[in-house]
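# Working through the structure, step by step
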Amino acid sequence: MKPVVLLLSTYPYVKPQHGGQIRLANIAKAYKSAGWHVENIAIFPVNGYPKESLGPNDLPFPVTQEWRRFKGRKIPLIDDLLSGMYAASNSGGFPFILERLPQHINVIHVEQPWLWPLAVKIKGLLAYQNVRLVYGSQNIETPLKKDILDSFNIDDCADALEAIELLEKQAVQEADICFAVTEADRKTLLEFGAKKACLASNGINPWQANPDDLERWKQKLPTAPWILYVASAHPPNFTGFGRVVGDSLGFIPPDSRLVVAGSVSEHIYHAAVKTRWSSLNISRLQLLHTISNDDLAAVKSLAHAFLLPIPHGGGSNIKTAEAIYSGAYCVGTTSAFRGYENFAVLPEVMTADTPFEYQRIIKDVLQQPFPLRGNKDELRQTLSWDRCLASIPENVLSFVRDNHGK
Amino acid sequence: MENNIWLDVTTTLNWNRPAVGIIRVEAETASYFLNANLPNIYFCRFDLKNKEYLKVSRGDVQKALDTIRMGKPSVAPEKKDALPPPPPAPPFVSIEQRVKNVVLRVFNLFPRRARQKALKFASDRLNGYYAAVRSYREIRLAVQEFISPSGIVPSPPIVDGVAQVKQPPPFKTDDIYISLGLDWDQKDYEYLFSEKRLINFKVLLICYDIIPVKYQHLFFGEVAPLFARYFANLAWCADEVLCISECTKRDLTLLLAELGTPIPPMSVIKLGCELPYGNSQDQLSPEVASLAETKFIMLVSTIERRKNHEILYRAYTRLVEKGVKKIPILVFVGMPGWGVSELMSDLKLDFRIRPHIRMLNHVSDGDLAWLYRNTEFTVFPSLYEGWGIPVAESLAAGKFCLASNTASLPEVGEDLVEYIDPWDLPAWAERLEWYFDHPEEIARKEQRIRNEYHPASWRDAASFVFNTAQKLTER
């Protein structure tokens, strides 16, 4: 009989769009490829995802006041924390979840700490008392959440941050195995008291653009070399944009553009127009908003350079892996290359940590020919999800076998 | 094969009045290029609507220069020499400009008092008006996209992008293209940059000042974002930028560093300051002739907030109230511009000052020459300048000037001019009174100016442009 893993997350992964979904989808794929049966339950934000992207067991986190308050207060941007409380509560989503649990579970893999209370509650049931718990860290969540709340000037949230820290440490300490996306995060998890912490980096799905799509996008995008920024509307993707890149996009030549794809587009537009240099900035932006994966593959294939303006936080950025894999110039902060430090040897990978450095490097690369192909291709191949995540089912299976009956 | 030098004369071709300021720079350079028997010189113009550079014949340039000198409307360029023929369509006028023209025509029908109120009402609501135009465009775009979707989500703003090229520019690789005119209105540097990337010619541009970005509040509406884009594009296009003062060079360097653009090499050009002296036999206008029997000082400039006419008005009121006798008439030579409606109203209604201030508009070259010859001295209290031609002209006419101490003005007047903080009202009142009481000191200063001041000629300025262009061919 195939071993069974139950994946718990705060987002569905049927049609992955943002980084968390993409990682989860590839984790599921890695388990399946290693012979596991995979079940998934996502507690997702209502209206956050279209119907066609939901799995059969996914449960919306309702908008009712009762579940949207933390200790009776409305604190924005902590729905992920609240959704875990909802999922584990008998008066919340737990009865619904209980109906959908498979009869037999070997492992519950919780991606990010938010649904850890649900995993603990399931393990507390007699039928699932032998279940092993796996914690999939995507970041060190507490400082990241603090940065997000600070960037929106949200006060009166110290107790919420404390609850997040407790939850994250609980997940790390109670998990039989933890997986981290960077070596630095892995060390942090061990410091938090992890029994075992392994590295499972973020990777990429090698893409091949359709020739028709390529031709169509060539017509729409600048003929001069241009730089691409692909990101979701996750706050760190835009709140620090001006601080990282500077207020002016004057470093982009007049016939080039900063092409922005993904739901971050609208936020970048607002960041660009609120400065004194709005007309200049708008003249250098081309916003594509959310586009299909086929279109994105074409756009990524045509980019001369990738912009990776990640200001802070832990974890690693899937977009960085894609950028490195593309062979185009990658201009990013030190934070953006976290987890991919060994790719710094590639000549097209460039780090900038001040607006001045960013502007100087981008000005330069947009006037250079495309980097030579073929250089260090073998190194780039190590970025594929298959190779990055192979360690998850291997380590989990080995742990389950070693601890069978314990 | 030798490289050609192309001088863009778009501004000159579109001008039909006597040349002042920027127009004069381009026109004087064109005149020099035409007549100095220089090799490999060509002329061109830019058609903004069709995004095309077109060759202009020497004959057409000469006609345009003659027209400017005579102050008559310009004649259209000869079709046979244009490559391709100049388009018959009228010049492109934006919807904003068209509506503005209509509104101004309507306002001009109002009685003067009502007109000022209407203008104030309209100008206070300018942002609302621009927002309405933008909304109209967005709605139009939305309807178009709804009916025939282009398949790509457009950016929220209207992005011009790179224009469809109908006819390549007449420049070839390593040619030099020079533009000295009203480029923010008449050129498209984004198009110029894309053509430069294709053809690899060299570009020599000019920066007069960055005041619209640095002191936006002294302009009509929110101009800083638009001009920042203009200067950023200028930086990307130019192989060298001529700045009209060290002050402008410093300002531009700082701005470009802030914008993150490349900082091209810059050199400082000294503009000519020869007065367009009319014939001494010319008939004076009655307004100017009426000054013949009286003492006067003058400020030559458009009447606008930045030029700070207000400080002189206030200084004069102080002198009047103090009981100072024999105050020379203060003559404002120039047409009223934006932002001075309250000052104009004060000047009209303030009975204390009415006998002491006079305004002269549409002054001919002959009148201006007479005014410079006969003024006691000149004043120039401007808040900020890229150069300060009135100070240079005053010195060229042998006249002392009391000027503000800001920006480039000390470069212009060196130590032949006395400088005062433009906001220091007591100082202006005190120094004016002092010079009214000490004509012998003015005479002494005039003597020194005659001995020591060497006015720059327009020929030297144009020659500097040519030499800079030639050096570019060697880079």
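Here is what the cut-offs are and how they apply
Per chain, residues are indexed from 1 in the order of the written sequence. By the order in which they are written, chains take letters starting at A while ligands take numbers starting at 1. Confidence filtering applies because this is a predicted model: local features only for residues at pLDDT of at least 70, side-chain atom pairs given and counted only at 80 or more, and all residues used for totals across whole chains, interfaces and linings. Only runs of H or I of at least four residues qualify as helices and only runs of E of at least two qualify as strands under DSSP, and these elements are numbered from the N terminus. We compute the radius of gyration from the C-alpha atoms alone; for a globule the expected value is 2.2 Å times N to the 0.38, where N is the number of residues. Three exposure classes are used, all based on how many other C-beta atoms lie within 10 Å of a residue's own C-beta (placed from the backbone): buried at 20 or more, exposed at 12 or fewer, and partly exposed between those limits. Any two residues are considered in contact once their C-beta atoms, placed from the backbone, lie within 7 Å. Strands are treated as partners if at least two bridges between them are detected by DSSP. Note on definitions: angles span 0 to 180 degrees between N-to-C directions of axes, and those axes are lines fitted to C-alpha atoms, for helices only across the stretch in contact. Ten residues, namely Ala, Val, Leu, Ile, Met, Phe, Trp, Tyr, Cys and Pro, are considered nonpolar, four, namely Asp, Glu, Lys and Arg, are considered charged, and the remaining ones, Gly among them, are considered polar. Buried Ala, Val, Leu, Ile, Met, Phe, Trp, Tyr and Cys residues form a nonpolar core when they are connected through C-beta atoms within 7 Å. Throughout, the edges of the domains are those of an automatic or database domain assignment. Per-residue confidence from the prediction method is given by pLDDT, with values spanning 0 to 100. Should an angle fall under 35 degrees it is taken as roughly parallel, and over 145 as roughly antiparallel, whereas 65 to 115 is taken as roughly perpendicular and any remaining angle as oblique. Handedness of a helix crossing follows the sense of rotation of the near helix relative to the far helix, less than a right angle counterclockwise being left-handed and clockwise being right-handed.

Looking now at the overall build of chain A. Assigned secondary structure in chain A consists of 17 helices and 13 strands. On C-alpha atoms alone, chain A measures out to a radius of gyration of 22 Å, which is about the 22 Å that the 2.2 N^0.38 rule sets for 406 residues. When the 406 residues of chain A are sorted by exposure, 50% land in the buried category. Sequence-distant contacts, at least 24 apart, represent 71% of the contacts inside chain A between residues at least 6 apart.

Turning next to the environment of Ile442 of chain B. Residue and element names in this part refer to chain B. In this fold, Ile442 is placed in helix α19 (residues 439-452). With 16 C-beta atoms packed within 10 Å, Ile442 lands in the partly exposed category. Expressed as a C-alpha distance, the spacing of Ile442 and Ile353, which sit 89 residues apart in the sequence, is 24 Å. In this structure Ile442 touches Glu376, Phe377, Phe400 and Tyr435, once residues within four positions along its chain are discounted.

Before going further, it helps to examine the sheet that holds strand β9 (residues 258-261) of chain A. Residues and elements named next belong to chain A. Taken in spatial order, the six strands make up an open sheet running β10-β9-β8-β11-β12-β13, and their pairing is parallel. Two strands in the sheet have a free side with no partner beyond their single neighbour: β10 (285-289) and β13 (349-351). Mean inter-strand twist for the sheet, computed between neighbouring axes without regard to direction, equals 25°. Along the sheet, helix α10 (residues 265-273) contacts β9 and β10; its crossing angle with β10, the most-contacted strand, is approximately 155°.

The subject of this paragraph is the sheet that holds strand β4 (residues 176-179) of chain B. Residue and element names in this part refer to chain B. Strand order in the open sheet made by the seven strands is β3-β2-β1-β4-β5-β6-β7, with mixed pairing throughout. Edge positions in the open sheet fall to β3 (52-56) and β7 (266-268), since each of these has one partner strand only. With strand direction ignored, the average angle separating the axes of adjacent strands in the sheet is 30°. The sheet contact formed by strand β5 (residues 202-207) and strand β6 (residues 240-243) spans four bridges and is parallel. The partner of Leu204 across the bridge, within β6, is Glu240.

Turning to the interface of chain B and chain A, a few remarks are in order. Across the contact, 25 residues belong to chain B and 24 residues belong to chain A. Elements supplying a minimum of two residues to the side of chain B that touches chain A: α8 (189-199), α10 (224-237) and α11 (246-259) of chain B. Counting residues per element, the side of chain B that touches chain A draws most heavily on α10 of chain B, which supplies eight residues. Class assignment for the residues of the side of chain B that touches chain A results in 16 nonpolar, five polar and four charged.

Residues Val331 of chain A together with Phe231 of chain B are the most contacted members of the largest nonpolar core, which totals 241 residues. Element by element, the count of residues in this core is highest for α10 of chain B, at ten residues. Leaving out residues up to four positions away in the same chain, Val331 of chain A has contacts with Ala305, Leu307, Leu308, Met350, Ala352, Tyr358, Ile361, Ile362 and Val365 of chain A.

Below, the discussion takes up the domain arrangement of chain A. Residue and element names in this part refer to chain A. Taken domain by domain, chain A holds domain 1 (4-203 + 385-402) and domain 2 (211-381). At the interface, 20 residues of domain 1 touch 14 residues of domain 2. Looking at the side of domain 1 that touches domain 2, the elements with two or more residues in it are α1 (19-33), α5 (141-151) and α7 (183-191). With five residues, α5 is the largest single contributor of residues to the side of domain 1 that touches domain 2. Of the residues assigned to the side of domain 1 that touches domain 2, the class counts are seven nonpolar, ten polar and three charged.

We now examine the confidence of the model for chain B. Residues and elements named next belong to chain B. Predicted confidence across chain B gives a mean pLDDT of 86, with 83% of residues reaching 70 or more. In this model, residues 72-93 is a region of pLDDT below 50 whose contacts with residues beyond four sequence positions or in other chains number 42 contacts. Confidence drops under a pLDDT of 50 for residues 152-165, and excluding neighbours within four residues, the segment shows 22 contacts in the predicted structure.

This brings us to the environment of Asn405 of chain B. Residues and elements named next belong to chain B. Structurally, Asn405 can be placed in the loop between β12 (401-404) and α17 (409-413). Overall, Asn405 belongs to the partly exposed group, with 15 C-beta atoms counted inside 10 Å. When the C-alpha atoms of Asn405 and Glu418 are compared, they prove to be 8.4 Å apart, with 13 residues separating the residues in sequence. If we skip the residues at most four places from it in the chain, Asn405 touches Pro410, Tyr419, Ile420 and Asp421.

This next bit is on the packing of α8 of chain B against α10 of chain B. All names here are of chain B. Taken N-terminus to C-terminus, the directions of α8 and α10 make an angle of 15°; their axes are 9 Å apart at the nearest point. In terms of their interaxial angle, α8 and α10 are classed as roughly parallel. The two elements α8 and α10 cross, and the hand of that crossing is left-handed. Of α10, the residues touching α8 (which contributes Tyr189, Glu190, Leu192, Phe193 and Lys196) are Tyr230, Asn233, Leu234, Trp236 and Cys237. Partitioning the contact of α8 with α10 into residue classes produces seven nonpolar, one polar and two charged.

Turning to unusual backbone geometry, a few remarks are in order. Negative phi is the rule for most residues except glycine; trans is the rule for most peptide bonds. Residues and elements named next belong to chain A. One non-glycine residue with positive phi stands out, namely Leu77, at about 65°. Of note, Leu77 is situated in the loop between β3 (59-61) and α2 (79-88). Exposure remark for Leu77: the 15 C-beta atoms within 10 Å place this residue in the partly exposed category.

So, on to the packing of helix α2 (residues 21-35) of chain B against helix α3 (residues 58-70) of chain B. Residues and elements named next belong to chain B. Viewed as axis vectors pointing N to C, α2 and α3 meet at an angle of 135°, and their least axial separation amounts to 10 Å. Classified by the interaxial angle, the pair formed by α2 and α3 is oblique. Read as a crossing pair, α2 and α3 show a hand that is left-handed. Of the residues in α3, those touching α2 at Ala27, Ala30, Ser31 and Leu34 are Arg58, Val61, Gln62, Leu65 and Ile68. For the contact of α2 with α3, the class distribution of residues is six nonpolar, two polar and one charged.

All names here are of chain B. With four of its five residues buried, β3 lies for the most part within the structure. Bridge count between strand β2 (residues 41-47) and β3: five bridges; the pairing is antiparallel. In the sheet register, Asp47 faces β3, and the bridge partner there is Glu52. Connecting the antiparallel pair β2 and β3 is a turn made up of four residues, with Lys51 showing a positive phi of about 50°.

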